[in-house]
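Structural characterization, general
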Amino acid sequence: MKKLVASLLLSVCAFTGLAQAGVIDDAVKRGTLRVGMDPTYMPFEMTNKRGEIIGFEVDLLKAMTKAMGVKLELVSTSYDGIIPALLTDKFDMIGSGMTLTQERNLRINFSEPFIVVGQTLLIRKELADKVKSYKDLNSADYRITSKIGTTGEMVAKKLIAQAKYSGFDNEQEAVMDVVNGKADAFIYDAPYNVVAVSKAGAGKLVFLDEPFTFEPLAFGLKKGDYDSINWINNWLHQIREDGTYDRIHAKWFKSTNWLKEME
């Protein structure tokens, strides 16, 4: 009996040790944190004219890896395949402007949100007198678009289900579909649309800037990695109190100087 108890205790200890291992610990040992990202979401993650990936979330991740004492490795991944890529160990975590939804939360775990956004509309200028909210678009008379795999697409199919929908692999193609008159409205997160209306709108778009959804964005990790989530959440609390978060936020949301890097 004593041998059996001792064996069970050893098994429990071994299991506990395995359960406590996480991607943050692995990254510290390896010296690199690998983050999956689709760099097409202004101003969170995007590719500048020199081919570098920059943005609000990129700067947050740089601050995170600096606190960890490791290098940041960004792994470009298509958004519609980003969760499967995480689950098959293509990278350590998702940092790609991902909304924490209950559906996604069934598949992966999330950190606490680092920002809250909401869906907004870019509509054809000719529709400004007819379309005042997403409800006005809920008709077979309208054609709407967004990016495949995003909450913009989910919202379009759920709340504007009567309209004709077509999705695109990236945001810019979807916006240009509206600019060129092939679609009537583009549904997407407010921070992206506020930039896109001036950068890509060519005077042909109207921005309905009142968000009609509540969407917390967070970092995504594989299920069960509670030690890593604990570390990230504590780090988020720290940077909100020491001024780091406000400094990074102001750079990307209170200034448009970064647009020069995209031209």
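Just so we're clear, the structure is a prediction, and the values are computed from it rather than from any experiment. Per chain, residues are indexed from 1 in the order of the written sequence. Local features in a predicted model are, by the rule used here, given only for residues with pLDDT of at least 70; side-chain atom pairs are given and counted only at 80 or more, and totals for whole chains, interfaces and linings are based on all residues. Here the side-chain values reflect all heavy atoms present in the structure, with hydrogen atoms and water set aside.

Here's the deal with the sheet that holds strand 11 (residues 164-168)
Hydrogen bonding along the main chain pairs the strands of a sheet, whether they run parallel or antiparallel. A strand pair is defined by DSSP finding two or more bridges across the two strands. Per the convention used, a helix needs a DSSP run of H or I reaching at least four residues, while a strand needs a run of E reaching at least two, with both numbered from the N terminus. The sheet built from 5 strands is open, its strands ordered 11-10-12-9-13 with mixed pairing. For this open sheet the edge positions go to strand 11 and strand 13 (205-208), each flanked by a neighbour on one side alone. Sheet twist, expressed as the mean angle between neighbouring strand axes with direction ignored, is 25 degrees. Across 4 bridges, strand 9 (residues 119-124) lies against strand 13 in antiparallel orientation. Bridge pairing in strand 13 links Leu122 to Phe207. We call two residues contacting when some pair of their heavy atoms lies within 4.5 Å. Where helices are involved, their axes are fitted lines through C-alpha atoms of the stretch in contact, as for all axes, and angles between N-to-C directions lie from 0 to 180°. Of the strands in this sheet, strand 9, strand 12 (185-189) and strand 13 touch helix 8 (residues 190-199), which is tilted by about 130 degrees from strand 12.

Structural notes on the UniProt feature "domain: Solute-binding protein family 3/N-terminal" (unreviewed entry) in the protein
The feature "domain: Solute-binding protein family 3/N-terminal" (unreviewed entry), as annotated in UniProt, sits at residues 32-256 in this numbering. Along residues 32-256 the backbone is 35% helical and 25% strand, and the end-to-end C-alpha distance reaches 31 Å. UniProt positions are given in the numbering used here, feature names are shortened, and annotations may be inferred rather than shown by experiment.

A word on unusual backbone geometry
Put simply, Met42 and Pro43 share a cis peptide bond, and its omega is -10 degrees. By secondary structure assignment, the location of Pro43 is in the loop between strand 2 (40-41) and strand 3 (45-47). Positioned with a positive phi, Asp89 is a non-glycine residue whose angle comes to about 65 degrees. Its location among the elements puts Asp89 in the loop between helix 4 (82-87) and strand 6 (93-94).

Some words on the nonpolar core
To form a nonpolar core, buried Ala, Val, Leu, Ile, Met, Phe, Trp, Tyr and Cys residues must be joined to one another through side-chain atoms within 4.5 Å. Burial here depends on accessible area, computed with a 1.4 Å probe over protein chains only, as a share of the maximum for the residue type. Under 20% is buried, over 50% is exposed, and the range in between is partly exposed. Within the largest apolar cluster, 51 residues are counted, with the highest numbers of intra-cluster contacts made by Phe56, Met64, Met93, Phe114, Val175 and Phe219. The biggest single contributor to this core is helix 3 (residues 56-68), with 7 residues. When residues of this core are assigned to domains, at least three fall in each of domain 1 (26-117 + 215-261) and domain 2 (119-208). If sequence neighbours within four positions are ignored, Val175 has contacts with Leu122, Phe186, Tyr192, Ala196, Ala200 and Leu205. In this structure, Leu127, Ala163, Ala185 and Ile187 belong to the second largest nonpolar core, which totals 16 residues. Where each domain begins and ends follows an automated or database-derived domain assignment.

Notes on the environment of Ile148
Assignment of secondary structure puts Ile148 in the loop between strand 10 (143-147) and helix 6 (151-159). For Ile148 and Glu171, which are 23 residues apart along the polypeptide, the C-alpha to C-alpha distance reads 8.9 Å. Those residues in contact with Ile148 that lie beyond four places of it in its chain are Tyr79, Asp80, Glu153, Gly167, Phe168 and Asp169.

Observations regarding the packing of aromatic side chains
Here a ring pair, both rings aromatic, is described through the centre-centre distance and the interplanar angle of the planes. Stacked, tilted and edge-to-face pairs are distinguished by plane angle, under 30 degrees for stacked and over 60 for edge-to-face with tilted covering the rest, among Phe, Tyr and Trp rings (Trp via its six-membered ring) whose centres lie within 6.5 Å. This structure, assessed with the given rule, holds 14 aromatic pairs. Pairing Tyr41 with Tyr188 gives two aromatic rings, centres 5.7 Å apart and planes at 90 degrees, and the pair type is edge-to-face. Highlighted residues: Tyr41 in strand 2 and Tyr188 in strand 12, separated in sequence by 147 residues. Each member of the pair, Tyr41 as well as Tyr188, is classed as buried. Here Trp252 and Trp258 contribute two aromatic rings whose centre-to-centre distance is 5.7 Å and whose plane-to-plane angle is 45 degrees, an arrangement assigned as tilted. The two residues Trp252 and Trp258 agree in class, both being buried. Connected via pairs of aromatic rings, a cluster forms that spans Tyr41, Phe44, Phe56, Phe114, Phe186, Tyr188, Tyr192, Phe219, Tyr245 and Phe253.

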